[in-house]
Amino acid sequence: MKKRKAAHSALAYLILTAAVAMALFPYFWMITCAVREQKELFTIPPKLLSASVSLDNFTYVLTRTRIPAYMLNSVIIATSATLMCLVVAIPAGYALARFNFKSRKLVSSGVILFKLLPQSAALIPLFILMGKLGLMDTHFGLSYVHLFTMVPFAIWMSRGFFKTVPVAVEEAALIDGCSKPNALLRVVLPITAPGLFSVGVYAFMLSWEEFIFAYTFTSSRAKPVSVGIALFLGEDANLWGAVMASAILMGLPVLIVFFLLQDHFIKGIVGGAVKG
Amino acid sequence: MYARIKRTLCRERIIYYFIPAIIVLGTLALYPLINNLWLSVHVKSGQWSIGNYTRLFGDKWFWNAMLITGKWMLVTVAGELLVGLLLANLINLKMRGTKLFRTVLMIPWMTPMIAVCTVWAWMYNGDFGILNYGINKLLGTDILFLSSPSTAILWLAVVYIWKRSSFVMLMYLSGLQGISEDIYDACKIDGASWRTQLFKVTLPLMFPVIRSVLLISIITAMNQFTIAYSITRGGPSRSTELMQMYIYNTGIAGFQYNYGAAASTIFLAVVLCLAVVYIFATEKAEEDAF
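Residues numbered from 1 in each chain as written. Chains lettered and ligands numbered in written order. Predicted model: local features only at pLDDT ≥ 70, side-chain atom pairs only at ≥ 80, totals over all residues. Heavy atoms only, no water.

Draft legend 1. Quick peek at the overall build of chain A. If you tally the helices and strands in chain A, you get twelve helices and zero strands. Since a compact globule built from 276 residues should have a radius of gyration of about 19 Å, the 23 Å found for chain A marks it as more spread out than a globular shape. Over its C-alpha atoms, taken along the principal directions, chain A stretches across nearly 75 × 75 × 35 Å. Buried residues in chain A amount to 55% of all 276 residues. Across chain A, contacts joining residues at least 24 apart in sequence account for 73% of those joining residues at least 6 apart. Accessible area for chain A stands at about 12,200 Å²; split by element, carbon and sulfur atoms hold 70% of it. Counting 23 positive and 12 negative side-chain charges, chain A places the centres of these two groups 12 Å from one another. (Helix = DSSP H or I, 4+ residues; strand = E, 2+ residues; numbered from the N terminus. Rg over C-alpha atoms; globule rule 2.2 N^0.38 Å. Buried < 20%, exposed > 50% of the residue type's maximum accessible area, 1.4 Å probe, protein only. Contact = heavy atoms within 4.5 Å. Areas by Shrake-Rupley, 256 points an atom, 1.4 Å probe, with all protein chains shown as cover. Lys, Arg positive; Asp, Glu negative; His and termini not counted. Charge placed at Lys NZ, Arg CZ, Asp CG, Glu CD.)

Draft legend 2. Layout of the overall build of chain B. Scanning chain B from terminus to terminus reveals 13 helices and zero strands. Counted from the first residue to the last, chain B has its helices and strands arranged as α-α-α-α-α-α-α-α-α-α-α-α-α. Taking 2.2 N^0.38 as the reference for a compact globule, 290 residues should give roughly 19 Å; the C-alpha atoms of chain B span a radius of gyration of 24 Å, well beyond that estimate. The buried share of chain B, taken over its 290 residues, is 53%. Of the contacts made within chain B by residues no fewer than 6 positions apart, 68% connect residues no fewer than 24 positions apart. Carbon and sulfur atoms make up 68% of the accessible area of chain B, which amounts to about 13,800 Å² in all.

Draft legend 3. Geometry of helix α12 (residues 243-253) of chain B. Residues and elements named next belong to chain B. Within α12, nine of the eleven residues are buried, which leaves it mostly tucked inside the rest of the structure. Listed in full, the buried residues belonging to α12 are M243, Q244, M245, Y246, I247, Y248, T250, G251 and I252. Immediately beyond the C-terminal end of α12, within one or two residues, lies F255, with a positive phi of roughly 55 degrees.

Draft legend 4. Examining the interface of chain A and chain B more closely. In this complex, chain A contributes 97 residues to the contact, which on the side of chain B involves 91 residues. Taken together, both faces of the contact between chain A and chain B bury some 8,700 Å²; the carbon and sulfur share is 79%. The tally of links between chain A and chain B comes to zero salt bridges. Applying the counting criterion to the chain A and chain B interface returns twelve residue pairs in polar contact (both at pLDDT 80 or more). (Buried area = accessible area lost by both parts, 1.4 Å probe. Salt bridge = Lys/Arg side-chain N within 4 Å of Asp/Glu carboxyl O. Polar contact = N/O pair within 3.5 Å; in protein donor to acceptor, adjacent residues only side chain to side chain.)

Draft legend 5. Examining the domain arrangement of chain A more closely. All names here are of chain A. Assigned domains of chain A: these are domain 1 (2-56) and domain 2 (57-274). Computed over C-alpha atoms, the centres of domain 1 and domain 2 are 32 Å apart. Domain 1 puts twelve residues into the contact, and the matching count from domain 2 is 13 residues. Here domain 1 meets domain 2 over a buried area of about 930 Å², counting both sides, of which 64% is carbon and sulfur. Ranking the residues of domain 1 by area buried against domain 2 places M30, A34 and D56 at the top, with a combined share of 47%. On the surface where domain 1 and domain 2 come into contact, there are zero salt bridges. Our count for the domain 1 to domain 2 interface comes out at eight residue pairs in polar contact (both at pLDDT 80 or more). Looking at the side of domain 1 that touches domain 2, the elements that each hand over two or more residues are α1 (2-34) and α2 (38-41). In terms of residue count, α1 provides more of the side of domain 1 that touches domain 2 than any other element does, five residues in total. (Domains from an automatic or database assignment.)

Draft legend 6. How the structure looks around the packing of helix α3 (residues 60-91) of chain B against helix α4 (residues 98-105) of chain B. Residues and elements named next belong to chain B. At their nearest, the axes of α3 and α4 sit 10 Å apart, and the two run at 155 degrees to each other. On the basis of the axis angle, α3 is roughly antiparallel to α4. When α3 is examined against α4, the residues L87, L90 and I91 are found in contact with a partner set consisting of T98, F101, R102 and L105. For the contact of α3 with α4, the per-class residue count stands at five nonpolar, one polar and one charged. (Axes fitted to C-alpha atoms, helices over the stretch in contact; angles between N-to-C directions. Parallel < 35°, antiparallel > 145°, perpendicular 65-115°, else oblique. Nonpolar A, V, L, I, M, F, W, Y, C, P; charged D, E, K, R; others polar.)

Draft legend 7. Region of the structure containing helix α4 (residues 67-98) of chain A. For α4(A), with 32 residues, the first-to-last C-alpha span of 44 Å sits near the 46 Å given by 1.5 Å per residue. Largest kink in α4(A): about 30 degrees, centred on A:A89, with the proline A:P91 one to four residues after it. (Expected span 1.5 Å × (residues − 1). Bend = angle between axes of the 7 residues up to and from the residue.)

Draft legend 8. Seen up close, the environment of B:Y278. Relative to the helices and strands, B:Y278 is located in helix α13 (residues 257-289). Along the primary structure B:Y278 and B:I218 are separated by 60 residues, whereas in three dimensions their C-alpha atoms are 10 Å apart.

Below is the structure:
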């Protein structure tokens with residue numbers, strides 16, 4: 001019996017290790033290709049490790065391409081979109097978590113529905129509208145449009161975090177003479193701050209990696225890094241090392257933040273998704 | 001009387017919390033959806049017509065995109081559900097170090113999609129790509145990964161499954177961890193085999209989770225755009241042109257606003273049907289959560 005159990009867990013470890021290897025190999029390849037010289041990329045058979053290590057690709061991306069400018073655009077767009085998103089989503093999430101009103105079920109279903117809408121459903125009307133309002137290729141235009149994907153997610157995630165605060169905490173504040181908005185501001189928000197912070201970070205990521213709107217609504221001045229890299233990838237210049245380097249520059253900040261906040265993310269995203 | 005006024009005021013106040021959200025989603029989602037419908041039943045000159053729809057039904061490329069989206073959806077959903085289920089069950093064995101495995105396995109899910117696409121495009125590269133070389137060497141074949149119209153979409157599905165399986169795994173895990181340990185202890189005492197446990201305990205209790213994951217995966221897969229656009233640009237010979245890309249190509253790139261709007265209205269109708277099923281299916285779970 002014991003022997004069989006040991007064999008089982010050995011098999012489980014084996015499968016998990018294989019899965020981890022498959023999950024990580026593209027990253028290994030991305031990093032090693034980013035730090036090798038141009039001519040070492042194009043060998044047959046491909047070499048797993050290069051003889052030389054150089055940071056030429058990174059300096060090329062940072063000094064000779066427009067990727068840094070696109071990164072800056074992305075930072076501006078994602079930051080302003082996140083701030084707008086939190087202002088819009090926190091009150092709604094709070095009301096959904098706290099108040100008992102007749103149409104609550106309808107409203108939460110509506111939020112889920114918006115979360116599932118394909119972006120293409122709004123693409124053409126928004127394209128016409130943005131052109132008319134002169135918002136094409138502006139930072140504000142793109143950050144506002146990004147709220148399409150961000151707000152429903154953020155409402156749902158923040159609702160989940162608000163529900164973890166016992167009502168009693170708030171009632172105590174009210175009895176002590178706090179007004180309702182004040183109770184939200186001074187008692188509930190500080191308690192849920194870590195959760196809401198992860199909502200903000202997740203919203204930032206949604207904007208940071210968003211592609212279809214960014215590709216449609218920007219052309220040069222406000223072009224974010226996701227589109228910049230996609231176009232870099234489409235060029236036939238064969239600068240694969242530099243493409244890998246720019247992908248690392250885009251992805252690394254996201255992954256670092258994710259590791260710091262992973263427990264909050266899992267709670268917020270998975271909880272919201274399974275329960276509706 | 002006073003109490004009644006107070007009650008109405010309180011109820012009125014709830015809507016204040018939603019005003020910003022109503023403004024934002026109204027301008028970004030509700031207005032465009034209505035406008036989209038309006039555009040789809042008019043021609044460019046502004047004249048009412050259902051010509052866009054009749055033309056669409058005869059459009060070979062529209063049906064091509066529908067078919068590819070369906071194929072894409074079936075392959076990716078089956079793949080990510082199976083891989084995710086397997087991984088979740090292994091991690092739920094709670095052996096030493098499984099938390100580390102979970103964290104590492106989640107990396108692909110957290111990486112920005114476009115960064116993922118660059119490295120896969122390079123690995124699939126027909127001349128110097130390591131996967132292209134490695135798999136051909138291993139199988140002794142001469143597959144041209146992204147150049148064959150019949151299989152290109154499947155290779156793109158691998159990228160998607162690779163990225164999204166860990167999300168499915170997480171959702172299953174949260175479901176599995178919700179099943180009380182006592183039930184399994186009872187099974188052990190009654191001498192139930194692992195197969196009985198799986199089919200009589202785990203799967204029935206997991207059914208609501210599996211249903212949610214299935215529906216949400218279907219919708220997410222149908223809404224995919226970035227992978228196919230950045231790696232193959234819809235090619236070769238439009239064999240990886242998913243529905244959203246077709247809408248982009250006709251409506252935005254081709255400047256046929258009305259025609260593109262008709263296509264996106266039909267696509268939206270399909271997604272909405274699935275979304276409504278999802279909402280009804282999760283309503284029960286929703287009630288439990290309150």
